[in-house]
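Structural description and commentary
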Amino acid sequence: MGNADSSSSKQWRPRTRAVRGGLNRTGFSETSEALFLTSGYVYGSAAEAEASFDGTLDRMVYSRFKNPTIATFEQRLAALEGAEACRATASGMAAVHAAIVCQLKAGDRVVASRALFGSCQWIINELLPRFGIERVFVDGPDLDAWAVALAKPTAVVFLETPANPTLEIIDIRAVSDLAHAAGAKVVVDNVFATPMLQSPLKLGADIVVYSATKHIDGQGRCLGGAVLSDQAFCQDVLGPYLRNTGPTLSPFNAWVLLKGLETLDLRVERHCANALKIARFLESRPEVARVLYPGLESHPQHALAARQMTGWGSILALELKGGKPAAYTLLDRLGLIDISNNLGDAKSLITHPWTTTHQRLAAEDKLAMGISEGMLRLSVGLEDGDDLVEDLAQALDGLG
Ligand SMILES: *Cc1c(COP(=O)(O)O)cnc(C)c1O
């Protein structure tokens with residue numbers, strides 16, 4: 001199995017790359033990509049086995065290292081992102097963990113934005129210090145704080161924009177410039193934006209990570225993750241870490257995810273249209289204290305979002321005047337929108353971050369991140385936007 005199509009795919013526009021990138025048909029000339037559910041590969045001779053292990057022969061050896069279906073997913077996502085290389089992982093957290101830890105050693109320093117997905121926060125705040133790695137958190141939108149934090153030599157900068165669940169926007173270009181001056185590699189968690197709405201590598205970042213569980217699958221079926229970067233990082237730094245620690249994506253999940261990429265653009269377009277409609281509706285309601293959505297003029301970093309994103313995304317947060325009791329009443333009254341902590345799904349899903357995704361954080365950490373007890377995070381799905389608005393309207397009516 002070569003990668004014949006990945007070079008020609010660079011000429012195509014992103015929508016074409018999302019459908020055809022990495023396509024490498026077998027001798028059966030199938031239309032849809034083949035699914036290789038195999039853990040191993042056989043050799044024609046002992047010498048061929050030896051050549052495969054010493055690297056003189058570039059071929060499949062073991063599916064923890066490489067698998068044709070996983071390779072198709074990796075090549076397709078790399079083509080879509082405009083990255084030189086991609087490595088898939090078993091989940092988004094495996095991608096975040098590997099992308100950060102593979103390049104660190106005791107004594108290094110990491111600077112990260114404060115508002116992070118709960119498990120990303122755990123890796124940086126709890127795990128890294130156990131291995132003698134210093135970590136510093138800054139308020140993502142505050143460029144002066146980044147400048148202070150990055151006045152010292154730093155190994156890795158990690159940030160999430162838009163952030164989960166506060167929808168804070170961070171200036172990727174400005175932070176990347178500061179980070180590079182401090183000697184750091186910039187890792188961006190691009191889950192909320194998806195490859196369709198934001199290209200961190202073009203804005204100066206070095207590494208992009210995805211939970212493919214979210215919009216890339218987008219239909220609530222399987223877990224997956226990906227790390228994208230230049231060839232040197234993927235091959236020489238991340239590659240050995242993944243190969244030897246083994247957070248490998250299942251070929252079946254890779255197949256589901258690569259088919260998901262084919263419809264990502266269409267789905268994200270509908271997600272965004274529905275989300276903007278709902279954000280505007282919620283902003284008009286007296287029961288709602290605040291709506292956080294990058295597409296609203298009231299969002300504190302609306303202008304920055306307009307500069308670095310090509311759409312506003314599918315996720316919004318709202319704060320209810322009645323605090324946690326009102327938030328719970330709203331959740332329990334909803335008839336169409338499901339209570340669930342997943343996001344980027346075809347189905348609209350809503351969660352109360354204080355008691356679910358961010359439950360294990362200390363109250364003061366949640367407040368410092370901008371999460372309040374009355375906040376809900378809504379992942380807007382692909383249903384008819386009018387049905388979603390009606391469901392929210394009946395749940396809000398008469399809310400204390
Ligand atoms: C969900 C999510 C992750 C983790 O992805 P999994 O596939 O659940 O492991 C990381 N970052 C962000 C922003 C997420 O939303």
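Residues numbered from 1 in each chain as written. Predicted model: local features only at pLDDT ≥ 70, side-chain atom pairs only at ≥ 80, totals over all residues. Heavy atoms only, no water.

If you look the chain up in an unreviewed UniProt entry, it shows as O-succinylhomoserine sulfhydrylase from Paramagnetospirillum marisnigri. Comment text from UniProt for the chain, heading Subunit (unreviewed entry), reads "Homotetramer." Heading Cofactor (unreviewed entry) of the UniProt record for the chain holds this comment: "pyridoxal 5'-phosphate". (UniProt positions renumbered as here; feature names shortened; annotations may be inferred.)

**A few points about the site of the ligand**
The local shell around the ligand holds 15 residues, among which Met 93, Asp 189, Ser 211, Thr 213 and Lys 214 are the closest. Contacts to the ligand include Met 93, whose backbone N or O atom sits 2.8 Å from an oxygen atom. Its free accessible area being 380 Å², the ligand has 92% of it covered by the protein chains. The residue makeup of the shell around the ligand, split by class, is six nonpolar, six polar and three charged. (Near = heavy atom within 4 Å. Polar contact = N/O pair within 3.5 Å; in protein donor to acceptor, adjacent residues only side chain to side chain. Areas by Shrake-Rupley, 256 points an atom, 1.4 Å probe, with all protein chains shown as cover. Nonpolar A, V, L, I, M, F, W, Y, C, P; charged D, E, K, R; others polar.)

**Re the environment of Ile 337**
With respect to the helices, strands and loops of the structure, Ile 337 is situated in the loop between helix H14 (323-333) and strand E10 (338-339). A relative accessible area of 3% places Ile 337 in the buried class. Separated by 308 residues in the primary sequence, Ile 337 and Ser 29 place their C-alpha atoms 42 Å from one another. (Helix = DSSP H or I, 4+ residues; strand = E, 2+ residues; numbered from the N terminus. Buried < 20%, exposed > 50% of the residue type's maximum accessible area, 1.4 Å probe, protein only.)

**Things to note about the UniProt feature "modified residue: N6-(pyridoxal phosphate)lysine" (unreviewed entry) in the chain**
With numbering aligned to this structure, UniProt lists the feature "modified residue: N6-(pyridoxal phosphate)lysine" (unreviewed entry) at Lys 214. With respect to the helices and strands, Lys 214 occurs in helix H10 (residues 213-217). Looking at Lys 214, the relative accessible area reads 11%, which means it is buried. Those residues within four positions of Lys 214 in sequence are excluded, and the remaining contacts are Phe 117, Val 191, Asn 342, Leu 343 and Gly 344. (Contact = heavy atoms within 4.5 Å.)

**A short note on the pattern of salt bridges**
Tallying each qualifying case throughout the model produces 18 salt bridges. Two residues, Glu 74 and Arg 87, come together in a salt bridge whose shortest N-O distance is 3.6 Å. Note that Glu 74 is positioned in helix H4 (residues 68-81) and Arg 87 in strand E1 (residues 85-89), a separation of 13 residues in sequence. Both residues of the pair, Glu 74 and Arg 87, count as buried. Ionic pairing is found between Asp 171 and Arg 307, a salt bridge with its closest N-O pair at 3.8 Å. Here the residue Asp 171 occupies a position in the loop between strand E4 (156-160) and helix H8 (172-181), and Arg 307 occupies one in helix H13 (residues 302-308), the gap between them amounting to 136 residues. Residue class for Asp 171 comes out buried when judged on its relative accessible area of 16%. (Salt bridge = Lys/Arg side-chain N within 4 Å of Asp/Glu carboxyl O.)

**A word on the pairing of strand E3 (residues 134-138)**
As defined by bridge partners, strand E2 (residues 109-113) adjoins E3 across five bridges and the pair is classed as parallel. Looking at the pairing, Ala 112 lines up with Phe 137 of E3. A crossover connection joins E2 to the parallel E3 through helix H6 (residues 118-130); in handedness this β-α-β unit is right-handed. (Pairing = 2+ DSSP bridges. Right-handed = clockwise from strand over helix to strand, strands pointing away.)

**Some points on the pairing of strand E7 (residues 225-229)**
The two faces of the sheet receive side chains in turn, since in a regular strand these alternate between them. Within E7, five of the five residues are buried, leaving the element largely enclosed by the surrounding structure. Side chains Gly 225, Val 227 and Ser 229 of E7 all project onto a buried face; the interleaved residues Ala 226 and Leu 228 project onto the opposite face, where all are buried too. Direction of pairing for E1 relative to E7: antiparallel, over a ladder of five bridges. Its bridge partner lying in E7, Ala 85 is registered against Ser 229. Examined bridge by bridge, strand E6 (residues 207-211) and E7 share four bridges and lie antiparallel to one another. In the strand pairing of E7, Val 209 is matched with Val 227.

**Comments concerning the sheet that holds E4**
Spatially, the seven strands line up as an open sheet ordered E1-E7-E6-E5-E4-E2-E3, and their pairing is mixed. Either end of the sheet is taken by a strand with one partner, and the two such strands are E1 and E3. The mean angle between the axes of side-by-side strands here comes to 20°, regardless of whether they run parallel or antiparallel. For E4 and strand E5 (residues 185-189), the ladder comprises five bridges, and the chain directions are parallel. The residue of E5 that forms the bridge with Leu 159 is Val 188. Across the sheet, helix H11 (residues 231-245) is in contact with E1, E6 and E7; its angle to E1 comes to roughly 25°. (Axes fitted to C-alpha atoms, helices over the stretch in contact; angles between N-to-C directions.)

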